[in-house]
Amino acid sequence: MTHHPRLDSEETVGSDVLDRGDEADRGVDGIRIVHLDKVFAAGRGQEFQAIRDVNLAAPRGAFVSLIGPSGCGKSTVLRILAGLDRATSGSVMVNGERVEPGHATAGMGIAFQDPALLPWRSVERNIALPLEIQGHKNDAAVRDLIALVGLAGFERSRPGQLSGGMRQRASIARALSVNPRFLLLDEPFGALDDMTRRHLNLELQRIWMQRATTTLMVTHGIAEAVLLSDYVAVMSAHPGHVVTMIPIDIPRPRTVQTMSTDAFHAYVDRLSGMLFSVSGEDRDGKPASDSGRAVQP
Amino acid sequence: MNPGLRFVVRRVCNMLIAVVVVVLLWQVVLDAFDVNQMIGKRPAQVWTYLMGHPDAAEHRAMVFGNLGITLRDAGIGYVAGLGFAFLLAVLFCLFPIAEHIVMPTAMVLRSIPLVVMTPLITLIMGIGQRSVTTLVIIVVFLPALANILFGLRNVPTASSDLIRVYGGGPWILLMKVSLPGAVPSLMASAKVSIPSAVVGAMIAEWLSTGNGLGGSISKAVATFSYAQMWASAIVIALVTMIVYSCVTILDDIVRPRFVVAS
């Protein structure tokens, strides 16, 4: 895939770039998050700012990972992108379309850490659920998806009869059932063991390369993020803020061998260092005064 | 033997063991406390009353006749109470505001002792089926409502998020997720409501219509017919237990299809 030239340096995530005008930004309308804030009411008149001025832009067809310390608001960003939560201020667009909370964004697929398969439905009927909701049945497409994620032969199994990895495959097939132009993944492999996780990472890459769907994945795994992504966005501790976005220039398809290359390790080390410095604690374990500053240019 | 049949046979055996234990306890406790045989009838005496006595056929006709009335009284209220609870739970699920209006009223209604409530209902409804059914509904309704409502609302966040992301509204969430997910709590309500419905029906019969086992037991006590009283009590207990076991078996067959795999 071709990287948009303006995204090839770290400085491009700043809001100043996004403010330059629509004309220049046409190439980065896969995901456009502008000045996004989310404040939650925390009871007794208290407020909790989950994210502050989050800006992020990525071209269509890109695979973007969002990493950051626990509780930094990664999932809040994802929920706003999914239209599940309303932003306090700012705007979110995917593939040139504004996300409106309460309205289904056409062509969006989603998978969570919890596969959330309905136990009374067979695998194929679980995968067909989004199509069923949207009123277009497509049995052939569901069969193809089952084969694509490697669940052939388990069409009529119940989720309770499947392993964790197989359930997550079904969950991803369900996300793909609407033939999405935009895919949201919230720590989809977070609950799996390392072997299964790595295997499913490579499967996901294969599926993604066939479709070139704009994808945003929230993850805790740095190696996973580097392995899969075109861009890795790093968020600081709360209130969450995208500190930097790093393009991953490793040719595809990436394989298990990729993970032992120097380039791969360099990315992982660099991102680990950033995560450490933004995690809101300095080396003595005391909270830093302003964690975000450390890596900002 | 096929697994289904083996399952049923095992359940029936369990029930028989329970019956034997209860009969033994009955005998042992009454003997241990040296309860007067005139009042505290033993299992053998009840057996004689129903099966061995010269007038046994007459006794059986009376007890089972009354049993039929009580089962009808309990059954109508049970079905109506559960149905009503289910419909209201669905309504509350779709329109939560309705819950805040109805629930406090229902709570107050349920908190009034049945011995006060029953004559009051009889005064309003008149002596007859209507007042009995009303009382059974009151007994069955509230616990079932609370239980079914909990089941309907016990939807994993990820599941409701999923429905919303793909454009499904409250109705689709109800039909695709909440209702099937509430089957286990519906079954649990169906189970626990059986004994409550029988108790409710018998109280209503005792304090209102004077029919059925509730009526006949209180009359038997007044006329010192203790064998009839014991026989009636044993028969209704046994029948309640059998019905409960049947619903339990049904529950065990249905529930595993609907519980969330961990």
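What counts as what
- Residues numbered from 1 in each chain as written.
- Chains lettered and ligands numbered in written order.
- Predicted model: local features only at pLDDT ≥ 70, side-chain atom pairs only at ≥ 80, totals over all residues.
- Helix = DSSP H or I, 4+ residues; strand = E, 2+ residues; numbered from the N terminus.
- Buried ≥ 20, exposed ≤ 12 C-beta atoms within 10 Å, placed from the backbone.
- UniProt positions renumbered as here; feature names shortened; annotations may be inferred.
- Axes fitted to C-alpha atoms, helices over the stretch in contact; angles between N-to-C directions.
- Parallel < 35°, antiparallel > 145°, perpendicular 65-115°, else oblique.
- Left-handed = near helix turned anticlockwise from the far one by under 90°.
- Contact = placed C-beta atoms within 7 Å.
- Nonpolar A, V, L, I, M, F, W, Y, C, P; charged D, E, K, R; others polar.
- Pairing = 2+ DSSP bridges.
- Domains from an automatic or database assignment.
- pLDDT = per-residue confidence, 0-100.
- Right-handed = clockwise from strand over helix to strand, strands pointing away.
- Expected span 1.5 Å × (residues − 1).
- Arc of directions from axis to C-beta.

Undergrad: Which residues make up the overall build of chain B, and what are the values?
TA: When you go through chain B residue by residue, the secondary structure sums to 11 helices and 0 strands. Evaluated residue by residue, chain B yields a buried proportion of 35% over its 262 residues.

Undergrad: Which residues make up the UniProt feature "domain: ABC transporter" (unreviewed entry) in chain A, and what values go with them?
TA: When the UniProt feature table is mapped onto this chain numbering, "domain: ABC transporter" (unreviewed entry) sits at residues 34-262 of chain A. With 29% helix and 25% strand, the stretch residues 34-262 of chain A has end C-alpha atoms that lie 34 Å from each other.

Undergrad: How would you summarise the packing of helix 3 (residues 56-94) of chain B against helix 9 (residues 183-209) of chain B if you had to cite specific residues and measurements?
TA: All names here are of chain B. As a packed pair, helix 3 and helix 9 sit with axes 8 Å apart at the nearest point and diverge in direction by 135 degrees. Considered as vectors, helix 3 and helix 9 are oriented oblique to each other. Of the two possible hands of crossing, helix 3 and helix 9 adopt the one that is right-handed. Residues Thr-70, Asp-73, Ala-74, Gly-77, Tyr-78, Gly-81, Leu-82 and Phe-86 of helix 3 form the contact with helix 9, whose own contacting residues are Leu-186, Ser-189, Ala-190, Ser-193, Ala-197, Val-198, Gly-200, Ala-201, Met-202, Ala-204 and Glu-205.

Undergrad: Please set out the interface of chain B and chain A residue by residue, giving values where relevant.
TA: If you look at the interface, chain B gives 20 residues, while chain A gives 19 residues. Top element by residues in the side of chain B that touches chain A is helix 7 (residues 157-165) of chain B. It accounts for 7 residues. In the side of chain B that touches chain A, the residues fall into 13 nonpolar, 3 polar and 4 charged.

Undergrad: An account of the sheet that holds strand 3 (residues 63-67) of chain A is requested, with residue identities and associated values reported.
TA: Residue and element names in this part refer to chain A. One open sheet holds the 6 strands; their spatial order is 6-7-8-3-9-10, and the pairing between them is mixed. Lying at the two open borders of the sheet, with one neighbouring strand each, are strand 6 (108-111) and strand 10 (242-247). Strand-to-strand twist of the sheet, defined as the mean angle between neighbouring strand axes without regard to direction, takes the value 15 degrees. In the sheet, strand 6 pairs with strand 7 (residues 182-186) via 4 bridges, with the strands oriented parallel. Each residue of the ladder has a partner; that of Met-108, found in strand 7, is Phe-182. Lying over the sheet, helix 6 (residues 164-176) contacts strand 6 and strand 7, oriented at roughly 165 degrees with respect to strand 6.

Undergrad: Go over the UniProt feature "domain: ABC transmembrane type-1" (unreviewed entry) in chain B, please, and point to the residues and values.
TA: Mapped onto this structure's residue numbering, the UniProt feature "domain: ABC transmembrane type-1" (unreviewed entry) falls at residues 63-251 of chain B. Strand forms 0% of residues 63-251 of chain B and helix 90%; the C-alpha atoms that close the span are 30 Å apart.

Undergrad: Before we move on, could you go through the sheet that holds strand 4 (residues 89-94) of chain A and cite the residues and values that matter?
TA: Residues and elements named next belong to chain A. Read across the sheet, 4 strands follow the order 2-1-4-5 without closing on themselves; strand pairing throughout is antiparallel. Edge positions in the sheet fall to strand 2 (47-58) and strand 5 (97-98), since each has one partner strand and no second. Two elements, strand 1 (residues 31-41) and strand 2, share 8 bridges in a ladder whose sense is antiparallel. Directly across from Ile-31, in strand 2, lies its bridge partner Ala-58.

Undergrad: Explain the domain arrangement of chain B to me, and be specific about the residues and the numbers.
TA: By the assigned domains, chain B splits into domain 1 (1-35) and domain 2 (50-257). Each of domain 1 of chain B and domain 2 of chain B has a C-alpha centre, and these two points are 25 Å apart.

Undergrad: Explain the confidence of the model for chain B to me, and be specific about the residues and the numbers.
TA: Residue and element names in this part refer to chain B. When pLDDT is averaged along chain B, the result is 91, and 98% of the positions lie at 70 or above. Per-element mean pLDDT across chain B ranges from 88 in helix 4 (residues 96-111) up to 95 in helix 3. Across the assembled chains, the prediction reports ipTM 0.80 with pTM 0.81.

Undergrad: Summarise the pairing of strand 7 of chain A; cite the residues concerned and give the values.
TA: Residues and elements named next belong to chain A. The buried fraction of strand 7 amounts to 5 of the 5 residues, a majority that puts the element mostly inside the structure. Neither face of strand 7 is open: one carries Phe-182, Leu-184 and Asp-186, the other Leu-183 and Leu-185, and all of them are buried. Sheet analysis places strand 7 next to strand 8 (residues 214-218), joined by 5 bridges and oriented parallel. Opposite Leu-183, over in strand 8, you have Thr-215 as the bridge partner. After leaving strand 7, the chain enters helix 7 (residues 194-211) and then returns to the sheet as strand 8, a path that is right-handed.

Undergrad: I'd like to hear about the UniProt feature "transmembrane region" (unreviewed entry) in chain B, residue by residue, with values.
TA: Residues and elements named next belong to chain B. With numbering matched to this structure, UniProt assigns "transmembrane region" (unreviewed entry) to residues 12-29, 75-95, 107-126, 132-150, 162-183 and 229-250. Its end C-alpha atoms 24 Å apart, residues 107-126 is made of 85% helix and 0% strand. As annotated, residues 162-183 comprises 77% helix and 0% strand, and the C-alpha atoms at either end are separated by 21 Å.

Undergrad: Go over helix 5 (residues 114-125) of chain B, please, and point to the residues and values.
TA: Residue and element names in this part refer to chain B. Here helix 5 is 12 residues long and its end C-alpha atoms lie 15 Å apart, about the 16 Å a rise of 1.5 Å per residue gives. When helix 5 is considered as a whole, its buried residues turn out to be Met-117, Thr-118, Ile-121 and Thr-122. Looking down the long axis of helix 5, one finds its buried residues gathered within 130 degrees of arc, a one-sided arrangement. With respect to the buried face of helix 5, the exposed residues turned more than 90 degrees away are Val-115, Val-116, Pro-119, Leu-120, Leu-123 and Ile-124. Taken together, the buried residues of helix 5 touch helix 6 (129-153) and helix 9. Count one or two residues on from helix 5 and you reach Gly-126, which has phi positive near 85 degrees.

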